[in-house]
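Structural description and commentary
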Amino acid sequence: MTFPKQVTLVEVSPRDGLQNEKAIVPTAVKIELINRLADTGLTVIEATSFVSAKRIPQLADASAVWQGIKKRPTVRYPVLIPNLAGLENALAVGVKEIAVFTTPSEQFSQKNTHCSVTESLQRIEKVTQLAKQHGLPIRGYVSCVLGCPYEGEIAAEKVATLSKTLMALGCDEISLGDTIGVGTPNKTQQLIECVAAQVPIKKLAVHFHDTYGQALANIYVALLCGVSVIDSAAGGLGGCPYAVGASGNVATEDVLYMLNGMGIETGVDMQKLLGVVAFIARELGKAPVSRVYRALQ
């Protein structure tokens with residue numbers, strides 16, 4: 001078995017982790033969270049999303065968050081962009097890297113963005129064209145890759161075709177998202193092998209939710225397949241407002257513990273990370289959910 005010697009952890013708690021919180025998290029807390037995460041050694045932190053305040057009120061302060069964080073030269077701070085207006089707002093405050101998103105599920109696309117999959121790709125094309133004019137790296141998220149709350153199982157071939165299309169539109173990396181956490185190791189392997197036939201494995205990342213406790217097993221399989229970029233959220237925060245049944249993201253500290261035990265380098269300091277988990281848990285008034293946090297504290 002051959003695993004990557006080094007893995008990049010993409011920390012999504014400030015955006016994907018907080019967007020499902022019902023109580024509005026103060027802007028200052030979001031800024032503090034991102035700055036503390038940067039202190040742990042994480043090199044990619046998804047800071048926020050320039051989305052409609054009506055759609056996701058939690059992220060209405062995207063500009064203020066972006067402008068308030070300390071920009072470390074060794075850390076990338078991508079933001080999620082839903083449409084051209086969002087990109088224009090992001091460019092206005094100096095954003096340097098973006099992410100776009102779509103799904104192979106027509107019903108999920110309608111629930112999430114009120115448009116068809118084809119229409120979502122048309123929006124993405126406009127965004128990527130302008131982003132490339134400004135020299136911005138672009139990540140493409142593909143949601144519901146292993147199952148949809150409305151359509152059930154999703155064919156791997158559909159995910160592969162969509163991923164290839166996103167690359168053609170200008171995406172530099174594709175993150176495969178198990179939005180409702182229904183994936184299992186065998187299905188994960190089949191999916192990655194299918195997608196890797198269309199998109200180079202070095203361009204793929206994985207994004208697992210831990211609804212059924214399968215996230216770490218699925219990540220292990222992804223590592224075996226050659227994936228070296230893993231999305232996660234400190235404290236296991238997250239969920240999707242438009243995905244019924246979606247639980248939190250896999251906890252960064254759980255992933256880090258596994259990778260450390262496998263001798264895979266990440267550059268992330270576990271004790272500092274646990275301190276960040278404790279901080280955001282206090283601010284949200286929640287007990288951390290991860291086993292690793294409970295075991296090491």
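That block above? That's the structure.
Structure report, in brief. Keep in mind it's a predicted model, so treat the numbers as computed, not measured. (Residues numbered from 1 in each chain as written. Predicted model: local features only at pLDDT ≥ 70, side-chain atom pairs only at ≥ 80, totals over all residues. Heavy atoms only, no water.)

1. Considerations on the pattern of salt bridges
Basically, it comes down to this: Each reported salt bridge corresponds to a side-chain nitrogen of Lys or Arg within 4 Å of a carboxyl oxygen of Asp or Glu. Relative accessibility under 20% of the residue-type maximum defines a buried residue, over 50% an exposed one, and the middle range a partly exposed one, all with a 1.4 Å probe and only protein chains included.
Under the defined criterion, the tally for this structure stands at ten salt bridges. Ionic pairing is found between Arg-15 and Asp-16, a salt bridge with its closest N-O pair at 3.8 Å. The exposure classification of Arg-15 matches that of Asp-16, with both residues buried. Counted as one network, the salt bridges with shared partners bring together Arg-15, Asp-16 and Glu-46.

2. Regarding the packing of aromatic side chains
The cut-off we apply is this: Here a Phe, Tyr or Trp ring, Trp counted by its six-membered ring, pairs with any other such ring whose centre lies within 6.5 Å, and the pair is stacked when the planes are under 30 degrees apart, edge-to-face when over 60, and tilted otherwise. Look at NZ for Lys and CZ for Arg. If either is within 6 Å of the ring centre and within 35 degrees of the ring normal, a charge sits over the ring.
Counted according to the given criterion, the structure contains three aromatic pairs. It is Arg-15 that lies over the ring of Tyr-141; its NZ or CZ is 5.7 Å from the centre. The lysine or arginine in question, Arg-36, covers the ring of Phe-279, its NZ or CZ lying 4.1 Å from the ring centre.

3. Let's talk about the sheet that holds strand E1 (residues 8-11)
Put simply, the rule reads: By this definition, two strands are paired if DSSP reports at least two bridges between them. Strands here are runs of E lasting at least two residues and helices are runs of H or I lasting at least four, both read from the DSSP assignment and numbered beginning at the N terminus.
Across the sheet, nine strands lie side by side as E2-E1-E9-E8-E7-E6-E5-E4-E3; this open sheet has parallel pairing. Taken across any chain shown, the strands that pair with only one partner, and hence form the sheet edges, are strand E2 (44-45) and strand E3 (48-49).

4. A look at unusual backbone geometry
Notably, Cys-144 is not glycine yet its phi reads approximately 55°, a positive angle. With respect to the element layout, Cys-144 can be found in the loop between strand E6 (138-142) and helix H7 (156-168). Among the residues examined, Cys-144 registers a relative accessible area of 0% and is labelled buried.

5. Describing the packing of helix H10 (residues 252-261) against helix H11 (residues 270-284)
Note the following rule: Note on method: axes are straight lines fitted to C-alpha atoms, helices fitted across the in-contact stretch only, with angles between N-to-C directions ranging 0 to 180 degrees. When describing relative orientation, an angle under 35 degrees is termed roughly parallel and one over 145 degrees roughly antiparallel, while 65 to 115 degrees is termed roughly perpendicular and anything else oblique. Left-handed describes a crossing whose near helix is turned anticlockwise from the far helix through less than a right angle; right-handed describes the clockwise counterpart. Note on contacts: a residue pair qualifies if any of its non-hydrogen atoms lie within 4.5 Å across the two residues. Under the scheme applied here, ten amino acids are nonpolar (Ala, Val, Leu, Ile, Met, Phe, Trp, Tyr, Cys and Pro), four are charged (Asp, Glu, Lys and Arg), and all others, including Gly, are polar.
Interaxial distance between H10 and H11 falls to 10 Å at its minimum, and their mutual angle equals 165°. On the basis of the axis angle, H10 is roughly antiparallel to H11. Crossing of H10 over H11 shows left-handed handedness. Residue-level inspection shows Thr-252, Glu-253, Leu-256, Tyr-257 and Asn-260 of H10 in contact with H11, the latter providing Met-270, Leu-273, Leu-274 and Val-277. The residue inventory of the contact of H10 with H11, partitioned by class, reads six nonpolar, two polar and one charged.

6. Thoughts on the side chain of Lys-30
Secondary-structure assignment places Lys-30 in helix H2 (residues 27-39). Judged by its relative accessible area of 3%, Lys-30 falls in the buried class. Residues within four places of Lys-30 in sequence aside, it is in contact with Leu-18, Val-25, Gln-58, Leu-59, Asp-61 and Val-65.

7. Section: H2
Definition in use: Between the first and last residue of a helix there are one fewer steps than residues, each counted as 1.5 Å, and that sum is the expected span.
The terminal C-alpha atoms of H2 lie 19 Å apart, and with 13 residues this matches the ideal 18 Å at 1.5 Å per residue to within 8%. Here the buried face of H2 lies against E1, helix H1 (13-17), E2, helix H3 (62-68) and H11.

8. Side note on the environment of Ile-69
Structurally, Ile-69 can be placed in the loop between H3 and strand E4 (79-80). The class of Ile-69 is buried, set by a relative accessible area of 4%. With 140 residues separating them along the chain, Ile-69 and His-209 place their C-alpha atoms 27 Å apart. Setting aside anything within four residues of it in sequence, one finds Ile-69 in contact with Ile-31, Ile-34, Asn-35, Ala-47 and Tyr-77.

9. Description of the pairing of strand E7 (residues 173-178)
Applicable threshold: Crossover handedness is defined here as right-handed if the route from the first strand over the helix to the second strand goes clockwise, with the strands pointing away from the viewer.
Most of E7 is tucked away, with six of its six residues classed as buried. Residue alternation in E7 divides its side chains into two sets, Glu-173, Ser-175 and Gly-177 and Ile-174, Leu-176 and Asp-178, and both sets are buried. By the bridge criterion, four bridges tie E6 to E7 in an arrangement that is parallel. Across the sheet, the residue bridging to Arg-139 is Glu-173, located in E7. With H7 bridging E6 and the parallel E7, this β-α-β connection has right-handed handedness. Here E7 runs beside strand E8 (residues 204-208); their pairing, made up of five bridges, is parallel. Looking across to E8, one finds that Asp-178 is bridged to Phe-208.

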